[in-house]
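One-letter residues, chain by chain:
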Amino acid sequence: ADLAGFIRGLPKAELHLHIEGSLEPEQMFEFARRNRVDLSYKSVEEIRAAYEFSRLQDFLDIYYAGAQVLLTEADFRDLALAYFRRAHADGVVHAEIFFDPQTHTDRGVPFATVADGLLAGMAAAERDFGMTSKLILCFLRHLDEDAAFATLKDAEPYLDRIEAVGLDSSEVGHPPSKFARVFAAAAAQGLKRVAHAGEEGPPAYVHEALDLLQVDRIDHGNRALEDPALVERLVASNMTLTVCPLSNHKLCVTPDLRAHPLKRMLALGLRATVNSDDPAYFGGYVGANYTALIEPIGLTRDDVLTLARNSFTGSFLPQDAIDKHL
Ligand code: HPA
Ligand code: ZN
């Protein structure tokens, strides 16, 4: 009867979440105050009012500015724990979270401060909420290959606690090919690979992510639908797409949610999942990303069951843990 209640109660995994994108305005003020960082905003309302985006770059400019308040290990731990608390309330039992080390190391925050803080938050979430989680290191694609290699080097002491590398930030003009060598190096170190592709970029970028980065998942992938041969390839390889409905709406990838492709993806046999991307900026956590589609595209209980199943089969959990969740 109550589909929103059913969604909340159904165990789910989240596979596309930028931890810096879970920084709520209230917390931004709190961290700015305790770290004595100057915020250009005067109030929480003023911050929220600035969250009007017409494309990815509009958001990224504000997202990188917001992250400047994060300085200490405690900040990263508190940020992560606040995310896990909200995700837990939405029925998320497992989360694979992205972080952008370059956003922090480039302003003098050591890699270890970021990683230790996030890992502490992950441990607390397991203890307090019984949630499992994994960490995915994202390279910023607007920066160069050397910077990505330097970041992989920074990560070396942590490679046993990092599951995968990813690729995010400004997509158009920064194709996956730019990072083929650093992804190969990450693969040689035993890391899994994911990449944002086909959010604003063309289907060719999705092909490149598959061919040149050997990815295990595609983040977003919306524009793959423009290329029937690509769709066929994604279906045949059981490739997981981490789709983010409220992000798509807010960044005008899908300005009208009635045109959102999620149901079409499922009908085509694509392994689509529902995720929140940057929940503090796009208006909601995982639960809200499911419920936002109920009315616009007629998401059903069966769709929700498929999506939740896909979130586990598409995860990097070991097979026995996946089986327990299905
Ligand atoms: N796309 C690209 N980069 C990002 C995103 C996104 O949706 N969120 C945070 N960094
Ligand atoms: Zn993203």
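Residues numbered from 1 in each chain as written. Chains lettered and ligands numbered in written order. Predicted model: local features only at pLDDT ≥ 70, side-chain atom pairs only at ≥ 80, totals over all residues.

- The protein chain appears in an unreviewed UniProt entry as Adenine deaminase from Roseiterribacter gracilis.
- Of the comments in the UniProt record for the protein chain, the one headed Catalytic activity (unreviewed entry) reads "adenine + H2O + H(+) = hypoxanthine + NH4(+)". (UniProt positions renumbered as here; feature names shortened; annotations may be inferred.)

1. Structural notes on the site of ligand 1
Thinking step 1. All residues in the neighbourhood of ligand 1 are listed as His18, Gly21, Leu56, Tyr63, Asp168, Ser169, His196, Glu199, Ser247, Asp277 and Asp278.
Thinking step 2. Grouping the constituent residues of the shell around ligand 1 by class yields two nonpolar, five polar and four charged. (Near = placed C-beta within 6 Å. Nonpolar A, V, L, I, M, F, W, Y, C, P; charged D, E, K, R; others polar.)

2. Describing helix α9 (residues 180-188)
Thinking step 1. By the burial criterion, the buried members of α9 are Val182, Phe183 and Ala186. Looking straight down α9, one finds its buried side chains confined to an arc of 100 degrees; they lie on one side.
Thinking step 2. In this structure, the buried side of α9 is in contact with β3 (132-140), α8 (145-154), β4 (164-168) and β5 (192-197).
Thinking step 3. Where α9 ends, the next residue or the one after it, Gly190, has phi of about 90 degrees, a positive value. (Buried ≥ 20, exposed ≤ 12 C-beta atoms within 10 Å, placed from the backbone. Helix = DSSP H or I, 4+ residues; strand = E, 2+ residues; numbered from the N terminus. Arc of directions from axis to C-beta. Contact = placed C-beta atoms within 7 Å.)

3. A word on the sheet that holds β3
Thinking step 1. One open sheet accounts for eight strands, arranged β1-β2-β3-β4-β5-β6-β7-β8; its pairing is parallel. Edge positions in the sheet fall to β1 (12-18) and β8 (271-274), since each of these pairs with one other strand and no more. Averaged over all pairs of adjacent strands, the angle between their axes in this sheet comes to 25 degrees, without regard to strand direction.
Thinking step 2. With three bridges joining them, strand β6 (residues 217-220) and strand β7 (residues 240-243) adopt parallel strand pairing. If you follow Asp219 over to β7, its bridge partner there is Thr242.
Thinking step 3. Each of β2 (92-99) and β3 is contacted by helix α7 (residues 111-129), which is oriented at about 155 degrees to β3, the strand it contacts most.
Thinking step 4. Of the strands in this sheet, β1, β7 and β8 touch helix α17 (residues 301-313), which is tilted by about 100 degrees from β8. (Pairing = 2+ DSSP bridges. Axes fitted to C-alpha atoms, helices over the stretch in contact; angles between N-to-C directions.)

4. Overview of the UniProt feature "binding site: substrate" (unreviewed entry) in the protein chain
Thinking step 1. Residues given the UniProt feature "binding site: substrate" (unreviewed entry) here are Asp278.
Thinking step 2. Tracing the sequence through the fold places Asp278 in the loop between β8 and α14 (279-282).

5. What to know about the packing of α8 against α9
Thinking step 1. Their axes nearest at 9 Å, the elements α8 and α9 cross at an angle of 15 degrees. With respect to α9, the axis of α8 lies roughly parallel. Once α8 is placed against α9, the crossing between them reads as right-handed. Here Glu145, Ala148, Phe149 and Leu152 of α8 come into contact with α9, specifically with Arg181, Val182, Ala185 and Ala186.
Thinking step 2. Here the residues of the contact of α8 with α9 are counted per class, giving six nonpolar, no polar and two charged. (Parallel < 35°, antiparallel > 145°, perpendicular 65-115°, else oblique. Left-handed = near helix turned anticlockwise from the far one by under 90°.)

6. Comments concerning the nonpolar core
Thinking step 1. By size, the foremost hydrophobic cluster in this structure holds 93 residues, and its most contacted members are Ile19, Ala80, Phe99, Leu118, Ile136 and Ala209.
Thinking step 2. With seven residues, the single largest contributor to this core is helix α5 (residues 73-89).
Thinking step 3. For Ile136, the contacting residues outside a window of four places in its chain are Glu96, Ile97, Phe98, Glu163, Ala164, Val165, Gly166 and Val194. (Core = buried A, V, L, I, M, F, W, Y, C linked by C-beta atoms within 7 Å.)

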